[in-house]
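The chain contents come next:
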Amino acid sequence: MAKGTVVQKIIDAHYVSGSRTPGEPVAIKIDQTLTQDATGTMAYLELEAMKTPKVDTELSVSYVDHNMAQNGPENRNDHLYLRTVAANKGVLFSPPGNGICHQLHLERFGAPGKTLIGSDSHTPTGGGIGMMAIGAGGLDVALAMAGKAFHIPYPKVIGVKLTGSLSPWCAAKDVILKLLSILTTKGNVGSVVEYFGPGVATLSVPQRATITNMGAELGVTTSLFPSDEMTRAWLRRQNRENVFVPLEADADAEYDRIIEIDLAGIVPLAACPSSPDQVKAVSELAGIEVDQVLIGSCTNGGYRDLAMAAMALRGRRIAPGVTLGISPGSRPVLEMLARNGLLADLVAAGARILEVGCGPCIGQGQSPANGTVSVRTFNRNFAGRTGTKGDQAYLVSPETAVAVALTGRFTDPRTLGFDCPRVEEPEKFWSDDALFQKPAAGTEIIRKPTIGEPPLNTPLPDELAGEIVIKVGDKITTDHIMPAGVHLKLRSNIPAYSRVVFECFTEPGKPSFAERAAAVRDAGKAGVIIGRDSYGQGSSREHAAICPMYLGVKVVAALAIERIHRANLINFGILPLLFADPADYDAMEQGDALLFHGLRHQLAVGKPVTGELVKADGKKKTILFNHPLSGEDIVMVLAGGRLNCP
Ligand code: MIC
Ligand code: SF4
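This one's a predicted model, so the numbers in the text were calculated from it and none came from an experiment. Each chain carries its own residue numbering, running from 1 in the direction its sequence is written. As they are written, the chains are lettered A onward and the ligands numbered 1 onward, keeping that order. It should be noted that, the model being predicted, local features are given only for residues of pLDDT at least 70 and side-chain atom pairs only at 80 or more, the latter also being counted only at that level, while totals for whole chains, interfaces and linings use all residues. The side-chain numbers reported here are obtained from all heavy atoms of the structure, hydrogens and water having been left aside.

Visitor: Please explain the sheet that holds strand 8 (residues 150-153) as it appears in this structure.
Guide: Backbone hydrogen bonds are what pair the strands of a sheet, in a parallel or an antiparallel way. We treat two strands as partners when DSSP finds at least two bridges between them. A run of H or I in DSSP becomes a helix once it reaches four residues, and a run of E becomes a strand once it reaches two; helices and strands are each numbered from the N terminus. Judged by pairing direction, the sheet is antiparallel, and its three strands sit side by side in the order 1-2-8 without closing on themselves. Each edge of the open sheet is held by one strand with a lone partner, namely strand 1 (15-18) and strand 8. Looking at each pair of strands side by side, their axes are set apart by 30° on average, direction ignored. Only heavy atoms enter the contact rule, under which two residues are in contact if any of them lie within 4.5 Å. Helix axes use the C-alpha atoms of the stretch in contact, all axes being lines fitted to C-alpha atoms, and the angles between their N-to-C directions lie in the range 0 to 180 degrees. Each of strand 1, strand 2 (25-28) and strand 8 is contacted by helix 1 (residues 6-14), which is oriented at about 90° to strand 1, the strand it contacts most.

Structure, rendered in structure tokens:
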């Protein structure tokens with residue numbers, strides 16, 4: 001039961017109901033919520049659909065940071081809706097340009113010991129200051145805003161014991177890449193990572209936040225550090241020492257597994273295309289030619305990282321032919337760099353200063369040229385996420401990014417021949433909370449024509465005649481299911497966005513997934529998706545459930561389904577099933593029929609669920625499925641999703 005851990009203490013302090021057995025559901029009270037615009041528009045439409053007059057949390061913040069390009073009116077229409085619905089419902093609004101939700105929330109609102117859920121998978125950034133911060137689908141965040149408890153499986157706790165301290169040019173990013181090489185991006189559902197040991201005190205809050213941010217890539221529920229004197233000092237710099245509380249695990253705390261990492265043994269690392277766990281030492285990649293370097297995002301867009309880059313680039317120039325883009329994590333960070341002159345060093349070295357926001361991390365611009373290498377300090381390098389098919393994106397620390405920008409090729413920063421700059425964090429962080437817009441009851445909600453309605457599903461039928469619309473392999477991410485980038489502006493227009501579901505698998509001249517699914521739906525059958533291991537990794541976007549649902553998908557069957565995606569499927573009335581015998585995956589093909597008889601009754605009486613596979617030649621096979629549904633989940637799936645439940 002992971003006794004005496006920080007996780008257990010925070011859950012105990014927020015316990016509402018449920019079990020304390022790992023894997024069993026526990027409901028916890030949520031203190032704070034955050035949303036970002038790409039998931040937030042739908043979340044607030046859902047909040048409205050639930051007839052919630054005003055949010056019931058200690059603090060709810062709505063950030064605009066993802067959809068910033070304003071190519072066409074859709075983005076700004078979303079911004080106007082978000083600003084006015086926030087004011088109306090009692091939510092603080094952070095306008096475009098203010099900062100990436102995770103960076104800004106950490107700076108201005110995060111608090112040790114509190115619970116936070118956010119409609120973005122990198123919400124665990126808050127774990128850097130000992131907050132229990134969890135990513136979730138928009139509907140779950142809407143429910144938390146309405147004051148409802150949040151359900152998680154009671155977590156197993158993976159204790160990561162840190163010893164030693166980092167060597168120059170070796171970074172927090174390399175620590176999380178090291179952990180990703182050990183734990184990989186799959187198989188960690190239901191766990192939380194908690195850091196402890198003497199190495200913790202050597203890491204600053206921004207370093208800790210980089211580590212917990214990218215913990216999302218492990219697929220764990222969240223990651224967190226203790227709250228100690230380092231946390232207190234950082235909060236003091238933010239003028240927020242009043243929220244500090246100390247939090248640490250007991251000396252005899254019990255972890256379900258312990259991994260030891262000696263920080264002194266960490267070397268510069270890179271995640272190779274196209275998964276954050278394909279980790280190699282930068283020295284092994286030395287010499288590979290690079291066309292583009294990008295520094296920033298919610299993982300490495302804070303003051304320390306950008307100041308380090310500026311100081312290392314001062315008086316130097318980036319290599320001819322290379323482009324270097326900088327996307328600052330927050331307005332305070334950018335303004336501090338501008339005021340102390342470090343911005344000038346970046347500009348003089350040849351950097352292109354991008355807007356404060358997610359930008360290229362979510363494929364909003366800066367797509368690389370075909371066949372070229374892009375090196376990024378971001379957290380995801382899933383195939384095609386850059387906006388270029390066949391992309392080769394590597395994930396590195398800001399230190400390595402600087403070395404690559406200066407040389408035009410993969411270079412271990414320790415070979416640069418000069419010392420890694422030491423960045424002194426400013427005694428007082430610049431901040432201007434006046435740019436946040438405060439709630440104002442009665443504000444009229446602006447709803448331009450591109451703001452749709454959240455679509456509703458129909459109840460699950462008892463006799464379900466399914467047809468397999470697609471069969472995919474391991475580690476399918478929500479970026480595969482629901483591409484972002486140029487399509488991001490369609491997030492509040494479900495019919496239009498649905499046209500690009502699984503777009504990356506469309507073969508030239510053949511019908512797309514959307515066309516096939518709609519044909520199955522129009523023939524009165526239910527669409528079925530077959531996945532393999534770790535289906536639904538990555539982003540929290542509930543559109544990866546809503547759009548398939550809109551196209552008539554009723555069942556997703558896989559070997560394993562990741563936590564947030566699984567919750568999103570259930571919320572929108574899609575039945576998630578797990579193969580009881582993994583070998584049955586091999587028997588399935590696109591176009592096969594999958595029939596379920598007495599399905600509602602089967603779900604009501606327990607597990608397993610029996611289906612009948614009918615091949616094109618008429619051959620039949622009985623397939624057994626397990627399912628991860630709690631009693632409440634079953635009620636929801638039977639009703640066709642949470643919005644159909646009273
Ligand atoms: C991401 O990094 O993939 C995103 C874009 O921030 C998503 C949210 C979204 O799809 O809007 C996430 O991480 O949840
Ligand atoms: Fe934005 Fe990228 Fe962070 Fe997602 S991972 S919140 S797209 S910066």
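Visitor: So what exactly am I meant to see when it comes to the pairing of strand 20 (residues 464-471) here?
Guide: Side-chain direction in a regular strand flips from residue to residue, so the side chains alternate between the two faces of the sheet. Within strand 20, six of the eight residues are buried, which leaves the element mostly enclosed by the surrounding structure. With four bridges joining them, strand 20 and strand 24 (residues 593-596) adopt antiparallel strand pairing. Within strand 24, the position partnered with Gly 466 by the bridge is Leu 594. Bridge analysis of strand 20 against strand 21 (residues 526-530) gives five bridges, and the strand direction is parallel. Across the sheet, the residue bridging to Lys 471 is Ile 530, located in strand 21. Think of it in three bands: with a 1.4 Å probe and only protein chains considered, a residue is buried below 20% of the maximum accessible area for its type, exposed above 50%, and partly exposed in between.

Visitor: Looking at this model, I keep getting lost on the packing of helix 2 (residues 37-49) against helix 5 (residues 138-145). Mind explaining?
Guide: Two measures define how a pair of helices packs: the angle their axes make with one another and the distance between the axes. The N-to-C vectors of helix 2 and helix 5 enclose an angle of 50°; their axes lie 8 Å apart at closest approach. With respect to helix 5, the axis of helix 2 lies oblique. In this structure, helix 2 crosses over helix 5, and the sense of that crossing is right-handed. Seen from helix 2, the contacting residues are Ala 43, Tyr 44, Glu 46 and Leu 47; seen from helix 5, they are Gly 138, Leu 139, Ala 142 and Met 145. Along the lines of polarity and charge, the residues of the contact of helix 2 with helix 5 split into six nonpolar, one polar and one charged. When describing relative orientation, an angle under 35 degrees is termed roughly parallel and one over 145 degrees roughly antiparallel, while 65 to 115 degrees is termed roughly perpendicular and anything else oblique. We call a crossing left-handed when the near helix sits turned anticlockwise from the far one by less than a right angle, and right-handed when that turn is clockwise. Under the scheme applied here, ten amino acids are nonpolar (Ala, Val, Leu, Ile, Met, Phe, Trp, Tyr, Cys and Pro), four are charged (Asp, Glu, Lys and Arg), and all others, including Gly, are polar.

Visitor: Explain the side chain of Lys 89 here, please?
Guide: Mapped onto the elements, Lys 89 comes out in helix 3 (residues 74-89). Although buried, Lys 89 forms no salt bridge, and the nearest oppositely charged side chain, Glu 48, lies 5.1 Å from it. In this structure Lys 89 touches Leu 47, Glu 48, Thr 52, Pro 53, Lys 54 and Val 55, once residues within four positions along its chain are discounted. Only four residue types enter the tally: Lys and Arg on the positive side, Asp and Glu on the negative side; His and the chain ends are excluded. Definition used for salt bridges: Asp or Glu carboxyl oxygen within 4 Å of a side-chain nitrogen of Lys or Arg.

Visitor: I keep staring at the site of ligand 2 and nothing clicks. Help me out?
Guide: Taken together, His 66, His 102, Asp 120, His 122, Ser 297, Cys 298, Cys 358, Cys 361, Ile 362, Asn 379 and Arg 385 make up the full set of residues near ligand 2. Along the lines of polarity and charge, the residues of the shell around ligand 2 split into four nonpolar, five polar and two charged. The near set for a molecule or strand comprises every residue that places at least one heavy atom within 4 Å of it.

Visitor: Help me understand the packing of aromatic side chains, please; the structure alone is not making it clear to me.
Guide: Aromatic ring pairs are defined here through the distance separating the ring centres and the angle between the ring planes. To pair, rings of Phe, Tyr and Trp, with the six-membered ring standing in for Trp, must have centres within 6.5 Å; the planes then decide the type, stacked if under 30 degrees apart, edge-to-face if over 60, and tilted in the middle. Counted by the stated rule, this structure contains eleven aromatic pairs. Aromatic pair Phe 579 and Phe 625: ring centres 5.4 Å apart, planes at 45°, arrangement tilted. Here Phe 579, found in strand 23 (residues 575-579), pairs with Phe 625, found in strand 26 (residues 620-626); they are 46 residues apart in sequence, far enough to count as distant. Accessibility assignment for this pair places Phe 579 and Phe 625 in one class, buried. Between Phe 596 and Phe 625, the ring centres sit 5.8 Å apart and the planes meet at 40°, which makes this aromatic pair tilted. Separated by 29 residues along the polypeptide, Phe 596 in strand 24 and Phe 625 in strand 26 bring together distant segments of the chain. Phe 625 shares its class with Phe 596; the two are buried. Taken together, the ring pairs in this structure connect Phe 579, Tyr 585, Phe 596 and Phe 625 into an aromatic cluster. Here the guanidinium or amino end of Arg 20 rests over the ring plane of Tyr 15, the centre of that ring lying 4.0 Å away. The ring of Phe 418 has Arg 316 sitting right over it, with the charged end atom 3.5 Å from the ring centre. Here, over-ring charges are defined by two tests on the NZ atom of lysine or the CZ atom of arginine: distance to the ring centre within 6 Å, and angle to the ring normal within 35 degrees.

Visitor: So what exactly am I meant to see when it comes to the pattern of salt bridges here?
Guide: Close approach of charged atoms allows side chains of opposite charge to pair. For the structure on display, the rule yields 32 salt bridges. Asp 412 serves as the salt-bridge partner of Arg 414, at 2.7 Å between the closest nitrogen and oxygen. Assessed through its relative accessible area of 42%, Arg 414 is described here as partly exposed. By relative accessible area, which is 7% here, Asp 412 ends up buried. The salt bridge involving Lys 621 is made with Asp 584; its shortest N-O contact spans 2.5 Å. Of this pair, Lys 621 sits in strand 26 while Asp 584 sits in helix 20 (residues 584-587), placing them 37 residues apart in sequence. Classification of Lys 621 by relative accessible area gives partly exposed; the value is 36%. Residue Asp 584 is classed as buried on the basis of its relative accessible area, which comes to 6%. One continuous salt-bridge network, built from bridges that share partners, spans Glu 229, Arg 232, Arg 236 and Glu 241.

Visitor: Hey, could you run me through the environment of Pro 73 in this one?
Guide: Residue position: Pro 73 is located in the loop between strand 4 (59-63) and helix 3. Residue class for Pro 73 comes out exposed when judged on its relative accessible area of 51%. Expressed as a C-alpha distance, the spacing of Pro 73 and Thr 450, which sit 377 residues apart in the sequence, is 8.5 Å.

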